[in-house]
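Structural description and commentary
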Amino acid sequence: MEFGLTERQEQIRGEVRALCRRFPSEYWRRLDAERRYPDEFVRAMTDAGWLAVLIPREYGGGGLGTLEAGLILEEINRSGGNAQPCHAQIYIMGALLHHAGDDHKRRYLPAIATGELRLQAFAVTEPDAGTDTTRISTFAERRGDRYVVHGRKIFISRVQHSDLMLLLARTTPLDRVKTRSHGLSLFLVDLRTAGDRLRVTPIKTMLNNETNELVFDGLEIPAENRIGEEGLGFSYILSGMNAERVLIASECIGDGAYFIEHAARRATDRVVFERPIGQNQGIQFPIAKAYMALEAARLMRDKAATLFDRGAPCGAEANMAKYLASEAAWDAANVAMTTFGGYGMAVEYDIERKFRESRLHLVAPVSNNLVLSFVGQHVLGLPRSF
């Protein structure tokens, strides 16, 4: 059983860390104030090849695994940055890699690898369905050599900064399928040609993570842009969701490490009542506890990523990794805020920015309560809770 990183993995971590030094806290603080997309950072990550890490070498990518991708995202957040504006291109790549035809791969993957095309948007969630994906109602009707889409999506991020978008839509009405998960199809949408058939309305949120409401009003998609077979789209995104869980866990681990490192440094340097505040057990013990929880989450992330890269079943491990890492990061965020005291609220110290960012992952991309339900039902064999 191996617990350390390989030489190549350590190299990846070091190179990403060096790139992130070119984008210090001041850069992210300014973006947060302006609610602006980090174009410069995304371009640097693209040019360095890090956003193409999962694309096979034959298509111009890195040909590496989910663990390496996780290390990249972890390092971004650990450096004080925010991986959310660019992480989707990594974690939704699986649908193209595993279910698209060779023509799709040859047409799109090399251009995505070089940054000529951006694939950053994934349209699944709907206002009335929430996390019950099988009940989405956005419908794609087959008309000859095209599909015509009507419906509405919510909390779809990075649409304005993406050339392509993956869309999950119903192609068979829910009341006509034997199983709720059937009758859903996956499409690759070219946003550059969508025109006024797709209306995009930004949603203001508490953090700098551009997200939107989408309204499809007769958007036409060529039938050739369907990924895989009609009606099997839900199964196609399930395997990708395990990768997503692992990679989100990695971002959380990066956030947790950021908070713990800054809290430990502050507790050592900050002197009150003629002694470092870290000498007080009320400060020291919570930091130590947060560190231990984060290390435990890291082990589960590593296990889930290793299983995924081997092609082994890892649904439970991926979900548990996301749960443990997001909870550990949030605990570390609160520890850092307490350690910094009033200064934690000050924008210039960056704790409040990272604090806001870390809160998201308790509820997205899957609520931690649903993870508990999954483990209870599918791991422990308990009755379905909903």
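Provided above is the structure to which this section pertains.
As a starting point, this report considers the structure included with it. (Residues numbered from 1 in each chain as written. Predicted model: local features only at pLDDT ≥ 70, side-chain atom pairs only at ≥ 80, totals over all residues. Heavy atoms only, no water.)

Considerations on the packing of helix 8 (residues 233–269) against helix 10 (residues 315–340)
The following threshold applies: What counts as an axis is a line fitted to C-alpha atoms, over the stretch in contact for a helix, and the angles between N-to-C directions run from 0 to 180 degrees. A run of H or I in DSSP counts as a helix once it spans at least four residues, and a run of E counts as a strand once it spans at least two, with each numbered from the N terminus. Any angle from 65 to 115 degrees is called roughly perpendicular, while one under 35 is roughly parallel, one over 145 is roughly antiparallel, and all others are oblique. When the near helix sits turned anticlockwise from the far one by under a right angle, the crossing is termed left-handed; a clockwise turn instead gives a right-handed crossing. Note on residue classes: Ala, Val, Leu, Ile, Met, Phe, Trp, Tyr, Cys and Pro are nonpolar, Asp, Glu, Lys and Arg are charged, and everything else, Gly too, is polar.
Two elements in contact, helix 8 and helix 10, have axes whose closest approach is 7 Å; the angle formed by their N-to-C orientations is 20°. With respect to helix 10, the axis of helix 8 lies roughly parallel. The hand of the helix 8/helix 10 crossing is left-handed. Of the residues contributing to the contact of helix 8 with helix 10, the split by class is 17 nonpolar, 7 polar and 4 charged.

Things to note about the environment of Asp132
What counts, and what does not: A 1.4 Å probe rolled over the protein chains alone gives each residue an accessible area, and that area as a share of the maximum for its type sets the label: buried under 20%, exposed over 50%, partly exposed in between. Here a polar contact is recorded for every N or O atom pair within 3.5 Å, except that within protein the pair must consist of a potential hydrogen donor and a potential acceptor, and residues adjacent in sequence are included only if both atoms are side-chain atoms.
As for its position among the elements, Asp132 is in the loop between strand 1 (119–123) and strand 2 (139–143). By relative accessible area, which is 27% here, Asp132 ends up partly exposed. A polar atom in the side chain of Asp132 sits 3.0 Å from the side chain of Thr134.

A word on the packing of aromatic side chains
Using the following cut-off: Pairing of aromatic rings covers Phe, Tyr and Trp, the last counted by its six-membered ring, and requires centre-to-centre distances within 6.5 Å; plane angles under 30 degrees mean stacked, over 60 mean edge-to-face, and any other angle means tilted. Whether a charge sits over a ring depends on NZ of Lys or CZ of Arg being within 6 Å of the ring centre and within 35 degrees of the ring normal.
Evaluated as defined, the whole model comprises 9 aromatic pairs. Geometrically, the ring pair formed by Phe340 and Tyr349 is edge-to-face, given 6.0 Å between the ring centres and 70° between the ring planes. Judged by its relative accessible area of 26%, Tyr349 falls in the partly exposed class. Ring pairs connect the aromatic residues Phe23, Tyr27, Trp28 and Phe41, which therefore count as one cluster. For Arg266, the ring lying beneath its charged end belongs to Tyr343, and the centroid distance is 4.9 Å. Geometry around Trp330 places Arg359 over its ring, the cationic atom sitting 5.6 Å from the centre.

Notes on the environment of Asp163
To keep it simple, the criterion reads: Residue contacts are counted whenever heavy atoms from the two residues lie within 4.5 Å of one another.
In this fold, Asp163 is placed in the loop between strand 3 (146–157) and strand 4 (164–170). Asp163 sits 142 residues away from Arg21 along the chain, and the two C-alpha atoms are 28 Å apart. Each residue touching Asp163, except ones within four places of it in the same chain, is listed here: Glu116, Leu117, Arg118, Val189, Asp190, Leu191 and Arg192. At 2.8 Å, the side chain of Asp163 forms a polar contact with the backbone nitrogen of Arg118.

Considering unusual backbone geometry
With omega at 5°, the peptide bond leading from Ala364 into Pro365 counts as cis. Turning to its location among the elements, Pro365 is positioned in the loop between helix 11 (351–359) and helix 12 (368–379). Although it is not a glycine, Arg158 adopts a positive phi angle of roughly 65°. Note that Arg158 resides in the loop between strand 3 and strand 4.

Comments concerning the pattern of salt bridges
Threshold: Any Lys or Arg side-chain nitrogen found within 4 Å of a carboxyl oxygen on Asp or Glu counts as a salt bridge.
According to the stated counting rule, one finds 29 salt bridges in the structure shown. The partner of Asp32 in a salt bridge is Arg356, and the shortest N-O contact between them spans 2.7 Å. Of the two residues, Asp32 is situated in helix 2 (residues 25–34) and Arg356 in helix 11; the sequence distance between them amounts to 324 residues. Accessibility expressed as a relative area gives 13% for Asp32, which makes it buried. Taking relative accessible area as the criterion, Arg356 reaches 16% and is therefore assigned buried. Several salt bridges share partner residues, and in doing so they unite Arg13, Arg17, Glu74, Glu75, Glu295, Arg298, Arg301 and Asp302 into one network.

Topic: the side chain of Lys105
Where we set the bar: Think of it this way: Lys and Arg go in the positive column, Asp and Glu in the negative one, and His and the chain ends go nowhere.
Among the secondary structure elements, Lys105 is positioned in helix 7 (residues 102–114). Buried and without a salt bridge, Lys105 has Asp102 as its closest oppositely charged side chain, separated by 4.5 Å. With sequence-adjacent residues up to four places away left out, Lys105 is seen in contact with Tyr59, Leu96, Leu97, Ala100 and Pro110.

A closer look at the nonpolar core
Formally: Throughout this description, the term nonpolar core refers to a set of buried Ala, Val, Leu, Ile, Met, Phe, Trp, Tyr and Cys residues connected via side-chain atoms within 4.5 Å.
Judged by nonpolar contacts, the single largest core of 57 residues is most densely connected at Phe41, Ile76, Leu96 and Ile112. Those residues in contact with Leu96 that lie beyond four places of it in its chain are Lys105, Leu109, Ile112, Leu119, Leu188 and Ile227.

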